[in-house]
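What follows is the residue order along each chain.
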Amino acid sequence: MTSGYEAALLVLVLLLPGAFAAWGFERHVQRYGRRLNDWLLRLAGLSAVCLAVGAGPLYWLMATYGRDFAERETLPWWLYLVPGLYLVLPASGGWALGLLVRRSGSPMSKLLGPIRAPSAWDSLFDTREAGFVRCRQSSGGV
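Residues numbered from 1 in each chain as written. Predicted model: local features only at pLDDT ≥ 70, side-chain atom pairs only at ≥ 80, totals over all residues. Heavy atoms only, no water.

The next point concerns a nonpolar patch on the surface. Residues Trp60, Trp77, Trp78, Leu81, Leu85, Val88 and Leu89 make up a contiguous nonpolar surface patch of roughly 790 Å² in combined accessible area. Here the element with the most residues in the nonpolar patch is helix α3 (residues 82-102); it accounts for three residues. (Patch = residues over 30% accessible without salt bridge, like charges linked within 9 Å, V, L, I, M, F, W, Y side chains within 5 Å. Areas by Shrake-Rupley, 256 points an atom, 1.4 Å probe, with all protein chains shown as cover. Salt bridge = Lys/Arg side-chain N within 4 Å of Asp/Glu carboxyl O. Helix = DSSP H or I, 4+ residues; strand = E, 2+ residues; numbered from the N terminus.)

Here's what the structure looks like:
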């Protein structure tokens, strides 16, 4: 059984690659779904994809160097780059996917469909609160 700190660290390690992939994607594609639950769904989905892709290499690293790490033996120098790659690879993958989606003729943009930025109307009608709409006519009247 893990303690509270270990469980929080485990969740953080599992969700960080998805967060970096989402931030890389949103760097080129406008943010949509600004609610927290939409963001959490994208975060969980991208984290699951990153974990599925990285499970094989991470398992190999753990099987090969896990005992050396636990016994505090000397590790190869390149192994210290793995935590950085654990975040850089998903971020660059999200960044590249964002570039592909942004190009209008690419297959990725056709697969994901049109992604438009939320307008002021979306923001107004997104909540169920009462509000006023002030419009100006093309003739200049209010």
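There's more to say after this.
Okay, the packing of helix α1 (residues 4-28) against α3 next. Between α1 and α3, the shortest axis-to-axis distance is 7 Å and the interhelical angle comes to 30°. Of the possible angle classes, the one that applies to α1 and α3 is roughly parallel. Where α1 crosses over α3, the two elements pack in a sense that is right-handed. Here Val13, Leu14, Leu16, Pro17, Phe20, Ala21, Gly24, Phe25, Arg27 and His28 of α1 come into contact with α3, specifically with Tyr86, Leu87, Pro90, Ala91, Gly94, Trp95, Leu97, Gly98, Leu99, Val101 and Arg102. Tallied by class, residues from the contact of α1 with α3 come to 15 nonpolar, four polar and two charged. (Axes fitted to C-alpha atoms, helices over the stretch in contact; angles between N-to-C directions. Parallel < 35°, antiparallel > 145°, perpendicular 65-115°, else oblique. Left-handed = near helix turned anticlockwise from the far one by under 90°. Contact = heavy atoms within 4.5 Å. Nonpolar A, V, L, I, M, F, W, Y, C, P; charged D, E, K, R; others polar.)

When its volume is computed, the largest pocket comes out at roughly 700 Å³. As for the largest pocket, its lining consists of 17 residues, and the residues nearest its centre are Leu58, Leu61, Met62, Val82 and Pro83. Looking at the lining of the largest pocket element by element, the count peaks at seven residues for helix α2 (residues 36-70). Residue composition of the lining of the largest pocket, by class: 16 nonpolar, one polar and no charged. In this structure, the second largest pocket occupies an estimated 510 Å³ of space. At the level of secondary structure, the elements contributing two or more residues to the lining of the second largest pocket comprise α1, α2 and α3. Considering each element in turn, the lining of the second largest pocket owes the most residues, 10 residues, to α2. Of the residues belonging to the lining of the second largest pocket, the class tally is 18 nonpolar, four polar and no charged. (1 Å grid on protein atoms, 1.4 Å probe; cavity = no way out; pocket = protein on both sides within 12 Å on 5 of 7 lines; lining within 4 Å. Points joined across faces, edges and corners; volume = space filled by probe spheres on them.)

Limitation: the analysis is restricted to geometry and does not speak to function.
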